[in-house]
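Inside the fold
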Amino acid sequence: MEKKLAPIVLFVYNRVDHTEKTLQALEKAMLANQSEIFIISDGAKTSEHVATVQRVRSIIRKPWRFKKIHVIERSKNLGLAQNIIIGVSDIIQQYGKIIVLEDDLVVSPFALQYFNDALDLYQHTDSVMEISGYMYPVKNPSDLPESFFFRVANSWGWATWARAWQHFNANIDELVSDFTAEQIHQFSIEGKENFWKQVQEFKAGKISSWAIRWYASVFKKNGLVLYPRNSMTQNIGNDGSGTHTASESTYQVKLAEVPVSYFPTEICENKEAYEAIKYFYAHRKGSLINRGIRFLKKKINKFNK
């Protein structure tokens, strides 16, 4: 019996070079030619973006090497958050599972195999709510197993099932109204990452993130996320060109060069991985000099836009 592969959903907007690189890497991945892909193009937000949106749309209409390509072109701009929420909800309802990418992610040749293997393996394990493609550049990654569970839902290439996505709640107030001080502490990995700050910024209308609401939804259900030791995705959008990104290399990784052959049978958060990622969160910004250099780069980049 032929294995039923998860559909890939790729969200694109107006980044021409990034979109092309994303698709070039994706079509080379194992199982790509057996996979259906939905490419969802958001409408132009301003008149200045019309030309680049059209250029992206000409790229996604090329005969990429997938089993079947569905191109969805939004007639108006929904914005990244709404586009992803609607797109994932529509397609996952039809297929029951999904692999989600954005236009600034390149994948390892083994990414689709990893996502599909994990989706099959944990499809009936309710506490596993996401498969993350990305893994942080932690110290001594070889000390960790090939894959492991961690609590944070990651948005840089991920997969999930309809049974998990049904718990996504777009209403931030409903999500976090009953969070205790201890839950906030654990949600923010003992205060080492700014996840709670993102919640507050969303509530204040400063950001429109879907990802922080997805993580909060997973956290509220005590959900777990599978991570690979060697990252299956690389974000190439941290060059200052994206909606929510500034130019930096803090999260740069080396893509996995071998497939994942081990998946945990014990369904619980891996303590060693938790500590390694917590350490990365706490030290990722580096020294005050490095922080100052990055701050100046961001200012220069913003000025030159």
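Predicted model, so just to flag it, every value in this text is computed and none were measured.

A look at the pattern of salt bridges
Scanning the entire structure with this criterion turns up 15 salt bridges. When the shortest N-O distance is used, the salt bridge between Arg15 and Asp103 registers 3.4 Å. A residue pair is termed long-range when its members are at least 10 positions apart, and Arg15 in the loop between β1 (8–12) and α1 (16–28) and Asp103 in the loop between β4 (97–102) and β5 (105–107) qualify at 88 residues. One salt bridge connects Arg151 with Glu269, and the closest N-O pair in it is separated by 2.7 Å. Here Arg151, found in the loop between β7 (147–150) and β8 (158–161), pairs with Glu269, found in the loop between β10 (233–235) and α10 (271–283); they are 118 residues apart in sequence, far enough to count as distant.

Some words on the side chain of Asn235
Residue placement: Asn235 occurs in strand β10. Of the residues examined, Asn235 reaches a relative accessible area of 8% and is grouped as buried. Within the structure, the side chain of Asn235 is placed 2.6 Å from the backbone nitrogen of Gly237, a separation counted as a polar contact.

Some details on the sheet that holds strand β2 (residues 36–41)
Taken together, eight strands build an open sheet; the order of strands is β3-β2-β1-β4-β8-β6-β9-β7 and the sheet is mixed. The sheet terminates laterally at β3 (68–73) and β7, the two strands that pair on one side only. Ignoring strand direction, the axes of neighbouring strands in this sheet form an average angle of 25°. Across four bridges, the pairing between β4 and β8 is antiparallel. Opposite Lys97, over in β8, you have Trp161 as the bridge partner. The sheet contacts of helix α4 (residues 111–121) involve β1, β4, β6 (128–132), β8 and β9 (224–228), and relative to β4 the element is tilted by about 150°.

What counts as what
Counting of residues starts from 1 at the beginning of each chain's written sequence and follows it residue by residue. Selection of residues for local features in this predicted model requires a pLDDT of at least 70, selection of side-chain atom pairs for listing and counting requires 80 or more, and totals for whole chains, interfaces and linings are taken over all residues. Side-chain measures were taken over the full set of non-hydrogen atoms in the model, leaving aside hydrogen atoms and water. Criterion for a salt bridge: a side-chain nitrogen of Lys or Arg within 4 Å of a carboxyl oxygen of Asp or Glu. Helical segments are the DSSP runs of H or I of at least four residues, strand segments are the runs of E of at least two, and each set is numbered from the N terminus. Between buried and exposed lies partly exposed: a residue is buried under 20% and exposed over 50% of the maximum accessible area for its type, with that area taken using a 1.4 Å probe on protein chains only. Polar contacts, as used here, are pairs of N or O atoms within 3.5 Å; protein pairs need one atom able to donate a hydrogen and one able to accept it. Residues neighboring in sequence count only if both atoms are side-chain atoms. A strand pair is defined by DSSP finding two or more bridges across the two strands. To get an axis, a line is fitted to the C-alpha atoms, and for a helix only the part in contact is used. The angle between two axes follows their N-to-C directions and goes from 0 to 180 degrees. Should any heavy atoms of two residues lie within 4.5 Å, those residues are counted as being in contact.

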